[in-house]
Amino acid sequence: MATVNMNAAMCEAADTVRVGVILTAVPDSMVICEEGHGLEYKSRTDEEVKSFSFDQVVTVDNIQSFHPELLQPLTESISGGYNGALLICGGASLENITPLIDHSMIKQVLTDLFSRVLSQVKEELFISVSFLQFYPDGSAVDLLSPNRETLKRVANPVLGSLIGGLCEVCVCSAEEAYTLYETCRDTLKANAGSISSRCSSLFSVAVEWKLHPEEVESEVYRSRLQLFSLAGGASRTDLRGVSPLVKVVEETQSEATTSDKILPSLLNDALTGNSRTVLIYCLHPQGVLDDETPSALALAQTVRTDPKPADCERSVLGEEKGESKKIKDKTQSCRTPSIHLHSRDSRESTNNMKHLQTQLKQEMEKHIREGKGNVEKVQERVARIQQLREALREETLKNGASIEKSDLCQQSELEYSKAQERRTQLKEDHGRLIQEEVEKMERDLAQEQLPTEGPQRELLVLSGERTVLVLQMEALRDEAQQAETDLQNLYQKHQTELHCLREESLQVFRVFRQVCEEQRRMSEDRYRSVLLEAVQDAVYLSAQNQQLQADNRQLRKALGELKDTLAVRGDPTAELSSQLQ
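Let me sum up the structure you'll find in this document.

Conventions we followed
- Residues numbered from 1 in each chain as written.
- Predicted model: local features only at pLDDT ≥ 70, side-chain atom pairs only at ≥ 80, totals over all residues.
- Heavy atoms only, no water.
- Helix = DSSP H or I, 4+ residues; strand = E, 2+ residues; numbered from the N terminus.
- Buried < 20%, exposed > 50% of the residue type's maximum accessible area, 1.4 Å probe, protein only.
- Contact = heavy atoms within 4.5 Å.
- Areas by Shrake-Rupley, 256 points an atom, 1.4 Å probe, with all protein chains shown as cover.
- Patch = residues over 30% accessible without salt bridge, like charges linked within 9 Å, V, L, I, M, F, W, Y side chains within 5 Å.
- Salt bridge = Lys/Arg side-chain N within 4 Å of Asp/Glu carboxyl O.
- Lys, Arg positive; Asp, Glu negative; His and termini not counted.
- Charge placed at Lys NZ, Arg CZ, Asp CG, Glu CD.
- Core = buried A, V, L, I, M, F, W, Y, C linked by side-chain atoms within 4.5 Å.
- Pairing = 2+ DSSP bridges.
- Axes fitted to C-alpha atoms, helices over the stretch in contact; angles between N-to-C directions.
- Expected span 1.5 Å × (residues − 1).
- Bend = angle between axes of the 7 residues up to and from the residue.

Take the overall build of the protein next. Of regular secondary structure, the protein possesses 13 helices and 14 strands. Taking all 581 residues of the protein together, 33% fall into the buried category. Long-range pairs, those at least 24 residues apart, make up 69% of the contacts in the protein with a sequence separation of at least 6. As presented, the protein carries roughly 35000 Å² of accessible surface, and 52% of it is formed by carbon and sulfur atoms.

What follows is the structure in structure tokens.
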């Protein structure tokens, strides 16, 4: 794309957050200097004049000048494939000029972004928006979701913090996006009611396009614009609460762990991640009791002066696969040879089980298909089937025992050894500490040169013994706490092992049940076949018997007729035949 080189150069300079300040009023105690890039402020409680440097300082009358200086470079970065964030703060000052900011800044940013993206990308372009409402307690609500799905932060190594369960609506123009923004702002006020002024919000625009649309498997660029509207002030005494930005900045400076809540995580990514970020702070200087103005100026300058990491990069979805592969390869390369050996043995055992199951199935099908035949061959097939069953059972038990021994037992022993070493080390450290305290007490007694007996010496001895006893009690408390922690960990490990063994036993039982069911089905089919053959034989024999009886009757009838004929003729053989009968 034509903007790749320009944005690569811009990345090198984007090592800080760019900050703009809006003044709703300019009192005598405040002076705009450095051609609109600085402020000099003198509070009524402090005689010293303080200077602050920003990227741009404007009044409400010339708020449009933010666009070429701060907002236009932001939309250029986003259209080039980078993530961008616009943070708007100001507490009570922000409420008075929110309509002006929405019309002069938000709408202008959306219009500029859509114009740049649509002019560069002609096809395979997808743009979606989302809107989140944040309550003072940190809970988040998706205003575009009809089902109010549960939201969860998902960390991605390439794309940064994502929100699982977030509903996104596809839009085709800046007008549609701004209409959704206004609708969600009205919904926020209606839902929050009296605390709407204490609720923050995030309106996001996600842009995706293919780098090479003519290719099926082309890399996908994904950029994102986040429009934060942060409630609360910079001063701890603000009745509307403290801005989330204050807490995130304090955690960043102290290198503390960032909260798992959604808004602090997203703000932390915007301030310290690979996002091009612009902060717009609205100020309304007041009278003698104005604590907000100096706190807000200090906060804005802190955000501007804290450097960001220099490794910002475009979000290319095609790179995510490569990064995941690198992590996977690195993880696999760190495994010990014993784990590789166990994996190889496990694969061989699994292959043997599959081979035995296939042979058993083939023998059963052959036995069912060729069941009637030579008795010796049938017995031979039954014996072979029984041998395969025994081999399959032994292989299954062997596989289960191998997994149990290598994965569960060894890991349990390792965890127990580590826990025992920790407790032993902790006990030794406490012993040395107590011994040092005893030696210190003895040195202090020797240096005091007090009489062998007396209240002062006794008081000093009791004080030293008290210190030693306190150390012993703390040592015992720490050791007991460590032992309790180790016991809890071992208990959880035991539960995990028990669950694994239960699953393994169920798996073995499933295999046995499958074999038994197969055997029962085979026997049932065999019995059905034998019964069918017996019935067919019985029907055949009955039909033959009836035929023979009919033939016998026919023969008797013919013989009787022949005898009558001979008797009429007077043939002597008739009497002979009668006598014979």
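This part covers a negative patch on the surface. A surface patch of like charges, here negative, comprises Glu 123, Glu 124, Glu 214 and Glu 215. Its location among the elements puts Glu 123 in the loop between α4 (98-120) and β7 (125-134). Judged by its relative accessible area of 48%, Glu 123 falls in the partly exposed class.

A word on the nonpolar core. Ile 22, Phe 66, Leu 86, Leu 110, Val 205, Leu 225 and Ile 280 are the most contacted members of the largest nonpolar core, which totals 45 residues. Among the elements of the structure, α2 (66-79), β6 (83-89), α4, β7, α5 (174-192), β12 (200-210), β13 (220-229) and β14 (275-283) are those that each provide at least two residues to this core. A total of eight residues in this core trace back to one element, the largest contributor, which is α4. Apart from residues no more than four positions distant in its own chain, Phe 66 is found in contact with Gly 20, Val 21, Ile 22, Gln 56, Val 58, Leu 71, Met 105 and Ile 280. Among the nonpolar cores identified, the runner-up in size contains 39 residues, and Phe 52, Leu 151, Leu 283 and Leu 297 belong to it.

Our focus in this paragraph is the sheet that holds strand β4 (residues 50-53). Across the sheet, which stays open at both edges, the three strands sit in the order β2-β3-β4 with antiparallel pairing between neighbours. What marks the edges here is a single partner per strand, and that holds for β2 (30-33) and β4. On average, adjacent strands in this sheet sit at an angle of 20 degrees to one another, irrespective of strand direction. Lying on the sheet, helix α8 (residues 292-305) is in contact with β2, β3 (38-41) and β4; it crosses β4 at an angle near 40 degrees.

So, on to the side chain of Ser 104. Relative to the helices and strands, Ser 104 is located in helix α4. For Ser 104, a relative accessible area of 8% puts it in the buried group. For Ser 104, the contacting residues outside a window of four places in its chain are Ile 63 and Gln 64.

This part takes up the pattern of salt bridges. This model, assessed by the stated rule, comprises 13 salt bridges. The residue Asp 112 makes a salt bridge to Arg 116 at a minimum N-O spacing of 3.2 Å. A residue pair is termed a helical-turn pair when its members lie 3 or 4 positions apart in one helix, as Asp 112 and Arg 116 do in helix α4 at four residues. Several salt bridges converge on common partners, so that one network encompasses Glu 517, Arg 520, Glu 524 and Arg 528.

For α2, which comprises 14 residues, the first-to-last C-alpha distance of 19 Å matches the rise-based estimate of 20 Å (1.5 Å per residue) to within 8%. If you look at α2, its biggest bend is around 35 degrees, right at Gln 72, and the proline Pro 73 turns up within four residues after that. Counted residue by residue, α2 has ten buried out of 14 residues, so it is predominantly covered.

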